[in-house]
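# Close look at the chain arrangement
Below, each chain spelled out in residue letters.
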Amino acid sequence: MDSNVEGKRIVIKKADKEDLEGFLDLYAGFYRDLRLRQGLRQHGREKYRGDVERYLSMDKVFLAETDKGEAIGFIRVSEREDCYWIEELYVKPMHRGKGVGRRLVEKAENYIKEHDPDVYIMVLPQDRRAMGFWLHQGYSLLNTVELAKNLDGNKAGTRPIPLLGSILEMYRWAKEDYTPLEKKYLELVEEFQKRGGGGKELLEIFVNALEQHFSKV
Ligand SMILES: CC(C)(COP(=O)(O)OP(=O)(O)OC[C@H]1O[C@@H](n2cnc3c(N)ncnc32)[C@H](O)[C@@H]1OP(=O)(O)O)[C@@H](O)C(=O)NCCC(=O)NCCS
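### Details of the site of the ligand
- Surrounding the ligand, one finds 18 residues, the nearest of these being R96, G101, R102, A130 and G132.
- For the shell around the ligand, the elements supplying multiple residues, two or more each, are α1 (20–38), β5 (83–91), α3 (100–113) and α4 (128–136).
- Element by element, the count of residues in the shell around the ligand is highest for α4, at 5 residues.

### Re the environment of M131
- Inspection of the secondary structure puts M131 in helix α4.
- The partly exposed category is assigned to M131, around which 15 C-beta atoms lie within 10 Å.
- As for M131 and L141, which are separated by 10 residues in sequence, their C-alpha atoms are 9.0 Å apart.
- Here M131 is in contact with V123 and P125, once residues within four sequence places are set aside.

### Re the pairing of β5
- Pairing of strand β4 (residues 71–80) with β5 involves 8 bridges; the strand directions are antiparallel. Bridge assignment links F74 to a residue of β5, and that residue is Y90.
- Here β4 hands over to β5 after 2 residues, with E81 in that stretch at a positive phi of 50°.
- Summarising the sheet, β5 and strand β6 (residues 120–121) pair through 2 bridges and their orientation is parallel. Among the inter-strand pairings, I86 is bridged to a residue of β6, identified as I121.
- Running through α3, the crossover from β5 to the neighbouring parallel element β6 is right-handed.

### Observations regarding α1
- Over its 19 residues, α1 extends 27 Å from the first C-alpha to the last, a length consistent with the 27 Å expected when each residue adds 1.5 Å.
- Buried residues belonging to α1 abut α2 (49–58), β3 (60–66), β4 and β5.

### Here's the deal with unusual backbone geometry
- If you check the backbone angles, E81 has positive phi at about 50° while not being a glycine.
- On the secondary structure map, E81 appears in the loop between β4 and β5.
- According to the C-beta neighbour criterion, E81 is exposed, with 6 such atoms within 10 Å.
- Phi is positive for L164, which is not a glycine, with a value near 45°.
- Topologically, L164 is positioned in the loop between β7 (158–163) and β8 (166–171).

### A few points about the domain arrangement of the chain
- Looking at the assigned domains, one finds that the chain contains domain 1 (3–136) and domain 2 (158–216).
- In this structure, domain 1 and domain 2 have C-alpha centres spaced 33 Å apart.
- The interface of domain 1 with domain 2 comprises 8 residues on the first partner and 8 residues on the second.
- Put simply, the parts of the chain that give the side of domain 1 that touches domain 2 at least two residues each are α1 and α4.
- Per-element accounting of the side of domain 1 that touches domain 2 gives the leading share, 3 residues, to α1.
- The class makeup of the residues in the side of domain 1 that touches domain 2 is 2 nonpolar, 3 polar and 3 charged.

### Some points on the nonpolar core
- One finds F23, F62, F74, I75, L104 and A108 to be the most contacted residues of the largest nonpolar core, which totals 26 residues.
- The set of elements that each furnish at least two residues to this core consists of β2 (8–14), α1, α2, β3, β4, β5 and α3.
- Sequence-distant contacts of A108, defined by excluding residues within four places in its chain, comprise F62, I75, V77 and I86.

What counts and what doesn't
- Residues numbered from 1 in each chain as written.
- Predicted model: local features only at pLDDT ≥ 70, side-chain atom pairs only at ≥ 80, totals over all residues.
- Near = placed C-beta within 6 Å.
- Helix = DSSP H or I, 4+ residues; strand = E, 2+ residues; numbered from the N terminus.
- Buried ≥ 20, exposed ≤ 12 C-beta atoms within 10 Å, placed from the backbone.
- Contact = placed C-beta atoms within 7 Å.
- Pairing = 2+ DSSP bridges.
- Right-handed = clockwise from strand over helix to strand, strands pointing away.
- Expected span 1.5 Å × (residues − 1).
- Domains from an automatic or database assignment.
- Nonpolar A, V, L, I, M, F, W, Y, C, P; charged D, E, K, R; others polar.
- Core = buried A, V, L, I, M, F, W, Y, C linked by C-beta atoms within 7 Å.

Right under this line is the structure:
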């Protein structure tokens, strides 16, 4: 199915080797945008060439293209650990909000459906925008927890976030876009931890608060 974005017809197609340069531009754009928000050092476009070449031969990449042949978005699907994963999804900023991302997702899901009923994605919890997008597309949060150890013993770059009696550490980003309520929650948890509070006490507080709430309604 074709659609129009400001008068330009947009086609979603499977990328092949001829699409290398267009895909490389988009892929570098995806990481430029992400690393800027994370506060990480930027890499030049060429840094990604080797990865992009490999992905074009190993994975399924779908491109959104204008009628002039300009690639404006992509989605990459890989198969690993016997599961299908959406690895990245990206639409150029000036083409966002016009249904291109949704069409790329539909294309990837239709492809995956031919092989498997389930699709997985990894999203960083700080990435509120991506999280919002995937929840809107009908995805739900699943139970993967990543473990890491900072060998310098430096925890200054993280924020504590509680889960079932444990306190997880979440990296701080340079550009965070938490809602005021989320920010307040994170600040209060951090203050609680600074005052010596642990995950089990937080769990008790949460359970008590919910019980009180239910007893009132
Ligand atoms: C996320 C992204 C791909 C969305 O692309 P897009 O072309 O702007 O999205 P669409 O216009 O197709 O939006 C489809 C639907 O999602 C909704 N949506 C878009 N962004 C959303 C968000 N952050 N939160 C909630 N809903 C969102 C739209 O309102 C639209 O809803 P509708 O179908 O009910 O009308 C784009 O913003 C992007 O490239 N962001 C940077 C990279 C990124 O975050 N990728 C995702 C993680 S891998």
